[in-house]
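Commentary on secondary and tertiary structure
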Amino acid sequence: MKPVLTKRGVAELLLFCVAAGWGIGFPVMKMVVNDYPVMMVLGLRFLLSALLMLPFSLKKLSKIPPQTLLAGVLLGLLLGGSFIFLISGLQRTTASNTGFLAGLSVIWVLLLTGPLSGKRPSFEAMLATLFGVAGLYLMADIQGLQLHLGDGLVVIGSLFTAVHILALDRFCARHDTMALTFLQIATMAVMFTGLQAISGGEVMPHAWSGKLSIALGVTALFSTVIAFWVQTHYQRHTTPTRAILIYNMEPVFSALFALWLLRETLSANVILGGGLILLGMCIPGVLNTFTQRYRKSSDAETEWEG
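First things first, this report covers the structure right here in the doc. This structure is a prediction, so every number in the text was calculated from the model and none was measured. Counting restarts for each chain, with residues numbered from 1 along the sequence as it is written. In keeping with the model being predicted, local features are shown solely for residues with a pLDDT of at least 70 and side-chain atom pairs are shown and tallied solely at 80 or more, while totals for entire chains, interfaces and linings include all residues. Excluded from the side-chain calculations are hydrogens and water; all other atoms, namely the structure's heavy atoms, are used.

1. Side note on the overall build of the chain
Runs of H or I in DSSP of at least four residues are treated as helices and runs of E of at least two as strands, each being numbered from the N terminus. When its secondary structure is counted, the chain shows 12 helices and 0 strands. Ordered by position from N to C terminus, the α and β elements of the chain give α-α-α-α-α-α-α-α-α-α-α-α. Exposure classes here rest on a 1.4 Å probe applied to the protein chains alone. A residue is buried below 20% of its type maximum, exposed above 50%, and partly exposed in between. Scored against the burial criterion, the 306 residues of the chain give a buried share of 46%. Here the analysis covers contacts within the chain between residues at least 6 apart in sequence; of these, 91% occur between residues at least 24 apart. Two residues form a contact once any of their heavy atoms are found within 4.5 Å.

Structure below.
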């Protein structure tokens, strides 16, 4: 009897959980970023995440090879760069433009995967990407895209996101996933804390609120430690294109959590856009299933005729 879920199916289901973990981070962070500097909050988030992971990573880190150290720091710099450019762009453009332009990471992955592997993008991948981008466009509700400084920064952030996905796809099969996850998180903690200190702002808040403690706890545990470990460990079992399409469910989960936590409302565009993203993720699997059945049927007919 065949298993209900394949290794790829389990991995992609867990990557959905990653998107949910990232999605809950936005409404939770929104509750505190108006009262505390963004870089300080991010620095504390990743510092707490690194401390949570340290007991589980000490054994791995004690005998970590230089190649793993380099790969982890590089991945952390790429992901940290994505955070910096996306947040900097968000401060200079509209949220709708940011939502759509950040989703361009789908296109970047599709465009970069082919040349890096020496192959052209498949029809299924291109069709799935079109549905994903269309869904993001509807969710963002853009009224005439005009590329300004903020928009350009978000585009650069989306490129960093795509390069991180592709780099992770290459590194996670060669290095210990626990060590890679810790090194990424620790690198971002140093990066954000350093930037906050260089800017002359406070690294630690003078007064802690209950909302800040909850926000740091939720984002450190669910949006960072668990999400990044699952991403690093299981992304290898699917393709970069399907991974980035699954990650694009993040705004859908974000909207659902905002509806629950912040009492926000869901527009028709969010519902329709989320449906298109889901459809885009299903297309490659559906087409591959029909293709395999067609080939088996053709092979059976050929054997019968023979």
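Now that the structure has been shown, we can carry on.
2. Some words on the nonpolar core
Buried Ala, Val, Leu, Ile, Met, Phe, Trp, Tyr and Cys residues that are joined via side-chain atoms within 4.5 Å together make up what is termed a nonpolar core. Membership of the largest hydrophobic core comes to 61 residues, with the highest contact counts inside it found for Val 41, Phe 46, Phe 83, Phe 192 and Tyr 247. In terms of residues, this core owes the most to one element, helix α2 (residues 38-62), which gives 9 residues. The residues contacting Phe 46, other than those within four sequence positions of it, are Phe 83, Ile 185, Met 188, Ala 189, Phe 192, Thr 224 and Phe 228. In this structure, Leu 75, Leu 78, Leu 168 and Phe 171 belong to the second largest nonpolar core, which totals 8 residues.

3. Here's the deal with helix α11 (residues 250-261)
Between its terminal C-alpha atoms α11 stretches 16 Å, which fits the 16 Å expected from 12 residues at 1.5 Å a residue. Every buried residue belonging to α11 is among Glu 250, Val 252, Phe 253, Ser 254, Ala 255, Phe 257 and Ala 258, and all of these are buried. With its phi angle positive at about 60°, Arg 263 sits one or two positions after the end of α11. Under the convention used throughout, the expected extent of a helix is 1.5 Å for every residue step, that is, one less than its residue count.

4. Thoughts on the pattern of salt bridges
Whenever a carboxyl oxygen of Asp or Glu lies within 4 Å of a side-chain nitrogen of Lys or Arg, that contact is scored as a salt bridge. This model, assessed by the stated rule, comprises 3 salt bridges. A salt bridge links Arg 242 to Glu 12; the nearest nitrogen and oxygen atoms lie 2.6 Å apart. Residue Arg 242 is located in helix α10 (residues 240-247), and its partner Glu 12 is located in helix α1 (residues 7-30); the two are separated by 230 residues in the primary sequence. By relative accessible area, Glu 12 is classed as buried at 9%. Here Lys 60 ties to Asp 176 by a salt bridge, and the two come within 3.4 Å at their closest N and O atoms.

5. Topic: a nonpolar patch on the surface
Together, Leu 48, Leu 52, Leu 221, Phe 222 and Ile 226 make up an exposed nonpolar region whose accessible area comes to about 390 Å². Examining the composition of the nonpolar patch, we find that 3 residues originate from one element, helix α9 (residues 210-234), more than from any other. Mapped onto the elements, Leu 48 comes out in helix α2. The partly exposed category is assigned to Leu 48, whose relative accessible area is 31%. Any residue with relative accessible area above 30% and no salt bridge may belong to a patch, with like charges joined within 9 Å and the nonpolar Val, Leu, Ile, Met, Phe, Trp and Tyr side chains within 5 Å. Shrake-Rupley sampling with a 1.4 Å probe provides the accessible areas, and residues are treated as covered by the protein chains on show and by no other component.

6. Some words on the environment of Leu 212
Turning to its location among the elements, Leu 212 is positioned in helix α9. By relative accessible area, which is 0% here, Leu 212 ends up buried. For the pair Leu 212 and Met 31, spaced 181 residues apart in sequence, the C-alpha to C-alpha distance is 8.1 Å. Sequence-distant contacts of Leu 212, that is, excluding residues within four places in its chain, are made with Val 32, Tyr 36, Val 41 and Pro 205.

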